[in-house]
Amino acid sequence: GCFSKRLIFFPFFFIAIYEYIHLNFSEYHCSLQENIYIFLEGVLERLVFNLYCLERNFFTKKIKEQTPPTHSAPGWKLFGKIPPRENPQKDSKTIQQEYEARTGRMTKPSLQVGRRRNLEFEPLSTTALILEDRPAHLPAKNAEEAQRHRQEYDEMVAEAKKREMKEAQRRKKIMKERFKQEENIAHAMIIWNVDILPNWETIRNTRKVRELWWQGVPPSIRGKVWSLAIGNELNITHELYEIFLSRAKERWKSFRETGSENETEGADREASLELIKLDISRTFPSLFIFQKGGPYHDLLHNVLGAYTCYRPDVGYVQGMSFVAAVLILNLEEADAFIAFANLLNKPCQLAFFRVDHSMMLKYFASFEVFFEENLPNLFAHLKTNNLTPDIYLIDWIFTLYSKSLPLDLACRVWDVFCRDGEEFLFRTALGILKLYEGILVQMDFIHIAQFLTKLPEDITSEKLFACITTVQMQSSNKRWTQVFASLMKDGKEVEKNHSPALKS
């Protein structure tokens, strides 16, 4: 019975071990590896001491507070009765002093920790072990070796301090830049809300607004600016969206019941429900908000389904989910649908999503004109490797860079795209090629295609927009619209030189 009582308090031994490690090592910022020798030397002694404390504190019978102890009330210990305590219960410090007096020595870990405290720098690794004396069964260090170890330790400490200072400066710089960026955003938001948005039609094309626009639209008003910039030429209302959404829900219900779509409606190219379902699961997977069960899954499904009923001639095309998802992140559901439908009605997006080969070839040909003008060496290298623009441009244009670039950077591209139109999409492509020109000229066809279809994740807006700024969208005194118009007139020549990839 006494043994079972002691087992009940067995977990307190583990608590004592944890407290010992936490108090004697974490307080002085020393890692467990540096002090493992100290720990092993003192752990047994500490366990015996804790057992002693537990017997004195936990295995004594509690006396009621309202009745003072008397000689007629015997105390208890684990293995029998003892005379009553005449003195009040001793605190842990007094017990420790009694224990040390009885054992005749102080606890060694506290002495070792005190010695560690005197070090000017406590590295979080095994660096300081070089200063330790060898164990008793090994030859002791001589003066020369000890001095050399001290010098090596000082060098390691100095290097660690240098790295720590450099890292602290880097973090300070990042925080300073972040605070500055937040201040700029707050200031810009005031200008947008007070000066620009109330007078949108009259000042949207002024130099001041365009310069501020280039720096990026504040996230809190980004959706509003995008909606105004894209416009609503199709005159879609919220009520019209509800009509097409209800029609889409009826189709989903019919599809679940029959297992197939109506043949005549399928001929109208209303999108495959399975394809929409599959594409939604692959939309921004790292965010976990558009997948099934996520907060935006149903919204994205509604917008895409309603659009396939609204534009059966276009239907659903892979890549639409990314465009719709970006709009949903910045707009309400119905407003996102209105912006989505009008955006896909722009000439460039309509040509790509309807897979109009002749129009797509003209866009690629126009892009190559400015590609050769801005990056002749890379252009020649890609020509030598027979790598045509459609291999990487199709994915970039279909998703408006929302799949290829980090989301915050893609939104920054969208900002200027809403300002400048389709021209900026191809200017951004040239900016990306310019940013990685030094790497691409050293690659072959396979590696170039792999690199451009999956861009590095560490690309920043500062670097990319610095490269975009240097891109000149002018060739032989002709701007993008003039070059594209001339290629529209000369369509036959473009057809002769179309890419094999696009043909397939």
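Treat the numbers as computed from the prediction; the structure is a model and nothing was measured.

Enquirer: Just checking my understanding: could you explain the nonpolar core for this structure?
Expert: The nonpolar side chains of a soluble globular protein tend to be buried, and buried together. In this structure, Trp192, Met320, Phe340, Phe371, Tyr392, Leu405 and Leu433 are the most contacted members of the largest nonpolar core, which totals 113 residues. In contact with Phe371, other than residues within four places in its own chain, are Pro376, Leu378, Phe379, Leu382, Tyr392, Leu430 and Leu433.

Enquirer: So what exactly am I meant to see when it comes to the side chain of His297 here?
Expert: Summarising the element assignment, His297 is placed in helix 13 (residues 297-310). Under the relative-accessibility criterion, His297 is labelled buried at 17%. Residues in contact with His297, not counting those within four places in the same chain, are Ile280, Ile289, Phe290, Gln291 and Lys292.

Enquirer: Hey, could you run me through the layout of surface pockets in this one?
Expert: Rolled over the atoms, a probe with the dimensions of a water molecule shows which regions are left empty. Taken as a whole, the largest pocket spans an internal volume of roughly 1100 Å³. For the largest pocket, the lining is made up of 25 residues, of which Gln181, Gln215, Arg412, Ser461 and Glu462 are closest to its centre. Sorting the residues of the lining of the largest pocket by element identifies helix 6 (143-196), helix 20 (407-420) and helix 24 (461-470) as the ones contributing at least two each. Tallying contributions element by element places helix 6 first for the lining of the largest pocket, with nine residues. For the lining of the largest pocket, a count of residues per class yields eleven nonpolar, seven polar and seven charged. There are two domains that each give the lining of the largest pocket at least three residues, and those are domain 1 (150-215) and domain 3 (352-493).

Enquirer: Is there a simple way to think about helix 10 (residues 238-258) in this case?
Expert: Residues three or four positions apart in an α-helix share a direction because the helix packs 3.6 residues into each turn. Here helix 10 is 21 residues long and its end C-alpha atoms lie 30 Å apart, about the 30 Å a rise of 1.5 Å per residue gives. By the burial criterion, the buried members of helix 10 are Tyr241, Phe244, Leu245, Ala248, Arg251, Trp252 and Phe255. Taken down its axis, helix 10 places every buried residue within 115° of arc, on the same side. Away from the buried face of helix 10 by more than 90 degrees, exposed residues Glu239, Glu250, Glu257 and Thr258 are located.

Enquirer: Please clarify how the packing of helix 17 (residues 357-374) against helix 25 (residues 480-489) should be interpreted in this entry.
Expert: Each packed pair of helices is defined by two parameters, the angle between the axes and the distance between the axes. Following both chains from N to C, one finds helix 17 and helix 25 inclined at 130°, their axes separated by 9 Å at the closest point. Taken together, the axes of helix 17 and helix 25 lie oblique to each other. Crossing hand, helix 17 versus helix 25: right-handed. Within the contact between the two elements, helix 17 uses Met359, Lys362, Tyr363, Ala365, Ser366, Phe367, Val369 and Phe370 and helix 25 uses Trp480, Val483, Phe484, Leu487 and Met488. For the contact of helix 17 with helix 25, a count of residues per class yields eleven nonpolar, one polar and one charged.

Enquirer: Help me out: how do you make sense of the packing of aromatic side chains in this one?
Expert: The description of two aromatic rings rests on the distance between their centres and on the angle between their planes. A complete count under the given rule lists 28 aromatic pairs for this structure. With a centroid separation of 5.1 Å and 75° between ring planes, the pair formed by Phe284 and Phe322 is classed as edge-to-face. Taken together, the residues Phe284 in the loop between helix 12 (273-281) and helix 13 and Phe322 in helix 14 (residues 320-330) connect sequence positions 38 residues apart. By relative accessible area, Phe322 is classed as buried at 10%. Seen in terms of ring centroids, Phe353 and Phe398 are 5.0 Å apart; in terms of plane orientation they differ by 85°. Their pairing is edge-to-face.

Enquirer: Explain unusual backbone geometry to me, please; I cannot follow it from the model alone.
Expert: Glycine aside, residues mostly have negative phi, and peptide bonds are mostly found in the trans state. For Ser476, which is not glycine, the phi dihedral falls at a positive 55°. Relative to the helices and strands, Ser476 resides in the loop between strand 3 (474-475) and strand 4 (478-479).

Enquirer: Could you clarify how one ought to interpret the environment of Val217 in this entry?
Expert: Take Val217: it is sitting in the loop between helix 8 (207-214) and helix 9 (222-230). The buried category is assigned to Val217, whose relative accessible area is 2%. For the pair Val217 and Asp415, spaced 198 residues apart in the sequence, the C-alpha separation amounts to 6.4 Å.

Enquirer: Whenever I open this one, the pattern of salt bridges confuses me. Can you help?
Expert: Close approach of charged atoms allows side chains of opposite charge to pair. Applying the stated criterion across every chain yields a total of twelve salt bridges. The closest approach of N and O atoms between Arg210 and Asp420, which form a salt bridge, is 3.0 Å. Residue Arg210 is found in helix 8, and its partner Asp420 is found in helix 20; the two are separated by 210 residues along the sequence. Between Arg282 and Asp279 there is a salt bridge whose closest N-O contact spans 2.7 Å. Among the residues examined, Arg282 registers a relative accessible area of 40% and is labelled partly exposed. On the accessibility criterion, Asp279 (6% relative accessible area) is buried. Bridged by salt links that share partners, the residues Glu167, Arg170 and Arg171 form one connected network.

Rules of the game
- Residues numbered from 1 in each chain as written.
- Predicted model: local features only at pLDDT ≥ 70, side-chain atom pairs only at ≥ 80, totals over all residues.
- Heavy atoms only, no water.
- Core = buried A, V, L, I, M, F, W, Y, C linked by side-chain atoms within 4.5 Å.
- Buried < 20%, exposed > 50% of the residue type's maximum accessible area, 1.4 Å probe, protein only.
- Contact = heavy atoms within 4.5 Å.
- Helix = DSSP H or I, 4+ residues; strand = E, 2+ residues; numbered from the N terminus.
- 1 Å grid on protein atoms, 1.4 Å probe; cavity = no way out; pocket = protein on both sides within 12 Å on 5 of 7 lines; lining within 4 Å.
- Points joined across faces, edges and corners; volume = space filled by probe spheres on them.
- Nonpolar A, V, L, I, M, F, W, Y, C, P; charged D, E, K, R; others polar.
- Domains from an automatic or database assignment.
- Expected span 1.5 Å × (residues − 1).
- Arc of directions from axis to C-beta.
- Axes fitted to C-alpha atoms, helices over the stretch in contact; angles between N-to-C directions.
- Parallel < 35°, antiparallel > 145°, perpendicular 65-115°, else oblique.
- Left-handed = near helix turned anticlockwise from the far one by under 90°.
- Phe/Tyr/Trp six-rings, centres within 6.5 Å; stacked < 30°, edge-to-face > 60°.
- Salt bridge = Lys/Arg side-chain N within 4 Å of Asp/Glu carboxyl O.

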